[in-house]
Every structure is written in structure tokens, then in C-alpha cells.
Amino acid sequence: MSVNNPPLVIYHKQLGDVLMFEPALAKLAALTGGSVRFSTRASFAPMISLMENVEPAGYDPLRYASAVYSFSERFHAAFKALITLSPEKRFIAIVQAHIRPWHHLVYRAGCSVAKRVAPYQAEHFFDNIPCPATMPFRPPRLLAPPSEWLPEGLPDEYVLLHATSAWKRKSWPSERWAAVLNDLHDAGLGPFVLTGGAADWEREFVAAIQRGTRARVLDLSGKTNLESYLAIVSKARMVLCIDGSATHLAAAFRRPVLTLFGPTPAARWHYASETSAMVDAKDFTPEAKPAVSYIPEEVVTQAALSLWGRCVVQS
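The rules behind these values
- Residues numbered from 1 in each chain as written.
- Predicted model: local features only at pLDDT ≥ 70, side-chain atom pairs only at ≥ 80, totals over all residues.
- Heavy atoms only, no water.
- Pairing = 2+ DSSP bridges.
- Helix = DSSP H or I, 4+ residues; strand = E, 2+ residues; numbered from the N terminus.
- Axes fitted to C-alpha atoms, helices over the stretch in contact; angles between N-to-C directions.
- 1 Å grid on protein atoms, 1.4 Å probe; cavity = no way out; pocket = protein on both sides within 12 Å on 5 of 7 lines; lining within 4 Å.
- Points joined across faces, edges and corners; volume = space filled by probe spheres on them.
- Nonpolar A, V, L, I, M, F, W, Y, C, P; charged D, E, K, R; others polar.
- Buried < 20%, exposed > 50% of the residue type's maximum accessible area, 1.4 Å probe, protein only.
- Contact = heavy atoms within 4.5 Å.
- Salt bridge = Lys/Arg side-chain N within 4 Å of Asp/Glu carboxyl O.

(A) Spotlight on the sheet that holds strand E8 (residues 192-195). Here we have 6 strands laid out as an open sheet, ordered E9-E8-E7-E10-E11-E12, and parallel in their pairing. Strands at the two margins of the open sheet, each flanked by one partner only, are strand E9 (217-219) and strand E12 (276-280). Neighbouring strand axes in the sheet, compared pairwise and without regard to direction, differ in orientation by 15° on average. Sheet topology places strand E11 (residues 257-261) next to E12; 5 bridges connect them, and they run parallel. For Val257, the partnering residue across the bridge sits in E12 and is Ser276.

Dropping the structure here:
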């Protein structure tokens, strides 16, 4: 593989899913001794800029790449591969049904189904990027964002609560989050910054938390762009969240993070470490895909205090 013509990797998913690809990109970059071009949603460029040795790839026709590896079955991904000049174009599908006859016309080096070796999503991508092993697996990492990405008025030190995601069923009741913030406030933690999406229900959900707590909070839900969101996560003393982008970003910035899991499989999206803790609703009900509401309030408070004592107080 040529350093002057880096390989191109194509993967178009949600923000947290895309971050899970970072270790695989690092593995490929280590092999080439240079950089890797990464094609994903254009709006994710700020996060891609924080991946070492990775550059965003736009729709620049007839640019040369030493190899093209696509993990997306959609037409626009195939079109990106088609307009890229490369001697090796491969498609790695999640399931056999995603491989269509026309894929073989674009990906002449082959279409295959990814082998499911590791349950953790980032390690799954790491194992399935089609290049020799150049480094041991490690979880996703991001560089520190520029200081100018931080919004004005942010406290010098704060605990971040990101309590919503695009999937509403992942949410834990707002009144319980308010009670946990009260408990943490009484224990001397805070102030708290609240973030969330711009959807009406998300902003009302965060507002309900704010109304229900006596802790000092700054509500930034629906008021951040990706740059400020990344910077806020990177500077938090501790992050409290449900399964979603915040947990993956916090771990990549090596911030202490506590995540609540419900219907989604924790093994797929959580990498246990000294600074990354989780509470799983499946520990409190026999349901296969339980609502997050099965998690008791006192369990979350205790887990947050334990993480704070282990990673913040003793650091």
C-alpha cells in the first residue's frame, strides 16, 4: 500500500457507530505507515478530524486509493467506490443478504460477509478490516478538541449528564435523573451540565430534569453543534448517560463515564475499563430487551459515587 495514495474506508452510520471504527482505521494506518481516508457522513467531519492519521473523504471523483474497503451496502457507498481509482475494491457485508449482484460489478476484489469474532463492536470492525495485524486491539481514541470549540459560559469543572438519544426507549425516567442529581449534589458533586438533542421531546425531557433538581445545572440541550458537543464531553470531570454517542465519546476522550443500558446489548457497545462503568437493566428483570426503567435509582447513585471516588477523587 502506498503512503502517497492512502486506502479508502467507507462506512455510513450514526455518530457512535462511526466512532467504533477508529481502532480499525488505526490498524490500517499503522500498516501503511501513513494516513487513511474515511468516507462517512460529511457532518461528522469534526469528529473525524480528532482521529489520528485519518482524513475525511469527500466525493472527489477519480482520486486514486491504494485500496477501497466498504462496510456499507448502500448505493451511495458503492458509487463512492466506483468513482475511486483503485486496484483493490472490497465490500464486507454484515449479512449475506446485503450482498446484491451489482455489488460484484463494483467490488472486483470480492464481496464477503464479516466474520463475527468479537462481541464488542469496535473489536468486530478491528478484526474484519482486511489487512494484516499491525497492532493489538485497543478501544477507540480521540484527540483533544481545540479549546475554541468550547461554548461560552461553561463552568471550569462540571459533571455532564446526557440523558437522551434518538431512540426514546433507551431513556431513563427524568424524575429519577433529577433525584440522582440531588443525591450527587448532596454528596458534594457538581455543578452539572445537561446536553441532549434538539427534538422537542428531548428538550422537554431535559427541562423536566432541571425542574426536578435542586442542584446547580446548565441546560444546553438542543443548543450545541457537533464541535461544542465534542468539546463539552472531552472536558467533563465525569459523564452520566444512557447508551448512545455520549458514552462512546467519553470513553474515547478517556473521561470517567457511567452508562445505563436497557434494550441494547451492553457487551456490543460497552468496553469495561477502570474509567468506564455501566448498569444494565437486564440485571433487574428476566426480559431479553428490557426498558431502562427497570434500573433502580439508588443503584445509579451508588455507581456514580463509586466511579467518582475511583477516578476523580483519587486521580
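(B) Representation of the layout of surface pockets. If you add up the space inside the largest pocket, you get close to 740 Å³. Lining the largest pocket we find 31 residues, and of these Gln14, Leu15, Ser165, Ala166 and Ser245 sit closest to its centre. Classifying every residue of the lining of the largest pocket by side-chain character gives 10 nonpolar, 15 polar and 6 charged. In this model, the second largest pocket occupies a volume close to 260 Å³. If you trace the second largest pocket, you find 17 residues lining it, with Pro139, Pro140, Ala251, Ala252 and Tyr271 closest to the centre. For the lining of the second largest pocket, the leading source of residues is helix H10 (residues 245-252), giving 4 residues. Looking at the lining of the second largest pocket residue by residue, the class counts come to 8 nonpolar, 6 polar and 3 charged.

(C) Here's a closer look at helix H6 (residues 121-128). Taken across its 8 residues, H6 has 6 buried, putting it largely inside the fold. All buried positions along H6 are accounted for by Gln121, Ala122, His124, Phe125, Phe126 and Asn128. Contacts made by the buried residues of H6 are with helix H1 (15-19), helix H2 (22-32), strand E5 (89-93) and helix H11 (266-269).

(D) The pattern of salt bridges, seen in detail. Within this structure, the stated rule accounts for 12 salt bridges. We note a salt bridge from Arg138 to Glu22, for which the minimum N-O separation is 2.5 Å. Here Arg138 is found in the loop between H6 and strand E7 (159-162), whereas its partner Glu22 is found in helix H2, with 116 residues between them in sequence. Across this residue pair, the class does not change: Arg138 and Glu22 are buried. Glu274 is paired through a salt bridge with Arg310; the nearest N and O atoms lie 3.3 Å apart. Of this pair, Glu274 sits in the loop between H11 and E12 while Arg310 is found in helix H12 (residues 297-313), placing the two residues 36 residues apart along the sequence. Of the residues examined, Arg310 reaches a relative accessible area of 29% and is grouped as partly exposed. Each of Arg37, Glu55, Asp60, Arg63 and Lys80 takes part in a single network of salt bridges with overlapping partners.

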